[in-house]
Amino acid sequence: MTIYKDHPLKIYNSLSNEKEIFTPIQDGHVGMYVCGPTVYSNVHLGNVRTFLSFDIIYRYLLHLGYKVRYVRNITDVGHLVDDADSGEDKIAKRARLEQLEPMEIVQRYTVDFHDIFQKFNLLPPSIEPTATGHMIEQINVIQNIIDKGYAYESNGSVYFDVAKYSEDYDYGVLSHRDLIHTLDNSRPLDGQSDKRNEQDFALWKRADPHHIMRWPSPWSDGFPGWHTECTTMSTKYLGQRFDIHGGGMDLKFPHHECEIAQGEASTGHAPVNYWLHANMLTLNGKKMSKSSGNNILPDEILAGDNPVLSKAFSASVTRFFMLQTHYRSIMDFSNEAILAAEKGYDRLMKAINSLSKLEPGNRSTLDIAGWEAKCYEALDDDFNTPILISHLFEGVTYINQLKDKTAILSATDLEHFNKGISTFVFDVLGLEMRSGVYDSYAEKLDGTIKLLIEIRNKVRADRNFTLSDQIRNRLAELAIKLNDSKEETTFNY
């Protein structure tokens, strides 16, 4: 079903720092590139948060009927420690520490990456290219930039000439830094004498004798710079100009800034129309860090094997927790926050599970079309999942009203409502309901509440209104509402 023409998207573009109406280069088609992981260690929760953000964007674009080519790379060479232009390759360093071949490290952590993302129900990209699989293409891109006059060879390495580029283009257009600011804040680098200017960055690095990962090139046996691979692979699969480029907020500078510079130097125009960035994840109000111990891995959440957690949480509950914060906002993870999210998740799933059992009426007293329009409005406004979730809980209220017969829906509206809430929850948000769990849980809970209602009716008949009120009030504290009438007492939750 194609409905994108009915839903003009507003996307926050980091280039302009404003929300803009999304207009794809080719009508009905979207090219999206997201910077993937450097596979030298286990996926951490911040990685999951970033890629989950773009999974939602991918899912919603597909739901609207766009034909999407989603490219997410694997960095398996060239990413040096501290994101610098010199030093040890992150993968080679891990290989040395674990006494393995670098490609064994790549394989181990690529498998972990895919395993975690499958558990969290992230859709695979259309294409997942690797840096080592595109060495010839990277060398060609570098040579093209040299030929255009924006790069130079020095002692076997090739550097991008930022000063020369800045004569013709705006280096800092994405991070909104000017060249002087960049010069003043450049970190000192080893081997800096090979560069003409401190801010120049490596397109190709000559390998030291001890460097394991190396390839032949016109300049030296070496390896590509970290920024080179994304320019190469994004343009190979999406064209010299494409719609969306995404990644974590930490990649905005220097990585994405350098991608823009490389793209413009190669083609004479900007490579991307919309730049999207997901914000960081903190743990108990502090930045996650393996070295400080303030860190948590996805599998630790699933097993409950971390001192931060009081219990284990499912991947779908964790996913739901993350979606309660907009992708551009900082999200803080804590045991209390995910416990609260689990309660909300269970409430939502129980309501959806009961919806299919409801009988239609001969008319409708709820505005389902208006409710659905608000859900779409939230997603059309820069993929605002927190607002969508608030509307989904408005839908839970509707379901409770239908259950206690204070509202009715016609057969057509009930079917529309059931399909709509399922689409938003399962197709767009990617949440999952474990088969049979909520049927069994709901039966036991409903039976327990009915027993309490029987006890309450007895104490009311004995005129023990104090105990009757206590039962009602305690249930209310658990979000279980009793509805007394002349005929019977019903409940909803």
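Placed above this text is the structure.
All of the points below concern the structure found in this document. (Residues numbered from 1 in each chain as written. Predicted model: local features only at pLDDT ≥ 70, side-chain atom pairs only at ≥ 80, totals over all residues. Heavy atoms only, no water.)

Following the criterion strictly, the structure yields 24 aromatic pairs and no others. Both rings, one in Tyr165 and one in Tyr171, keep their centres 6.4 Å apart while their planes meet at 90 degrees; by these two values the pair is edge-to-face. For Tyr165, a relative accessible area of 0% gives the class buried. Above the face of the Tyr152 ring, Arg196 is positioned so that its terminal group lies 4.1 Å from the ring centre. Above the plane of the ring of Tyr12 lies Arg328, whose end atom (NZ or CZ) is 4.1 Å from the centre. (Phe/Tyr/Trp six-rings, centres within 6.5 Å; stacked < 30°, edge-to-face > 60°. Buried < 20%, exposed > 50% of the residue type's maximum accessible area, 1.4 Å probe, protein only. Lys NZ or Arg CZ within 6 Å of the ring centre and 35° of its normal.)

Another aspect to go through is the sheet that holds strand 3 (residues 29-34). The sheet built from 4 strands is open, its strands ordered 4-3-9-10 with parallel pairing. The sheet terminates laterally at strand 4 (67-72) and strand 10 (272-278), the two strands that pair on one side only. Adjacent strand axes in the sheet meet at a mean angle of 20 degrees, parallel and antiparallel pairs treated alike. Where strand 3 and strand 9 (residues 242-248) come together, 3 bridges link them in parallel fashion. Paired with Tyr33 across the two strands is His245, which belongs to strand 9. (Pairing = 2+ DSSP bridges. Helix = DSSP H or I, 4+ residues; strand = E, 2+ residues; numbered from the N terminus. Axes fitted to C-alpha atoms, helices over the stretch in contact; angles between N-to-C directions.)

Now for helix 12 (residues 368-380). Along an α-helix, a turn takes 3.6 residues, which lines up residues three or four apart on a common side. If you check helix 12, its first and last C-alpha atoms are 18 Å apart, about what 13 residues at 1.5 Å a residue would give, namely 18 Å. Buried within helix 12 are the following residues: Ile368, Trp371, Glu372, Cys375, Tyr376, Ala378, Leu379 and Asp380. Along its buried surface, helix 12 packs onto strand 1 (10-13), helix 1 (45-63), helix 13 (385-403) and helix 14 (411-428). By the N-cap criterion, in which a side-chain oxygen at the helix start approaches the backbone nitrogen of a residue two or three places on, helix 12 is capped by Asp367, the distance to Gly370 being 2.9 Å. One or two residues past the end of helix 12 sits Asp382, with phi positive at roughly 60 degrees. (Expected span 1.5 Å × (residues − 1). Contact = heavy atoms within 4.5 Å. Polar contact = N/O pair within 3.5 Å; in protein donor to acceptor, adjacent residues only side chain to side chain.)

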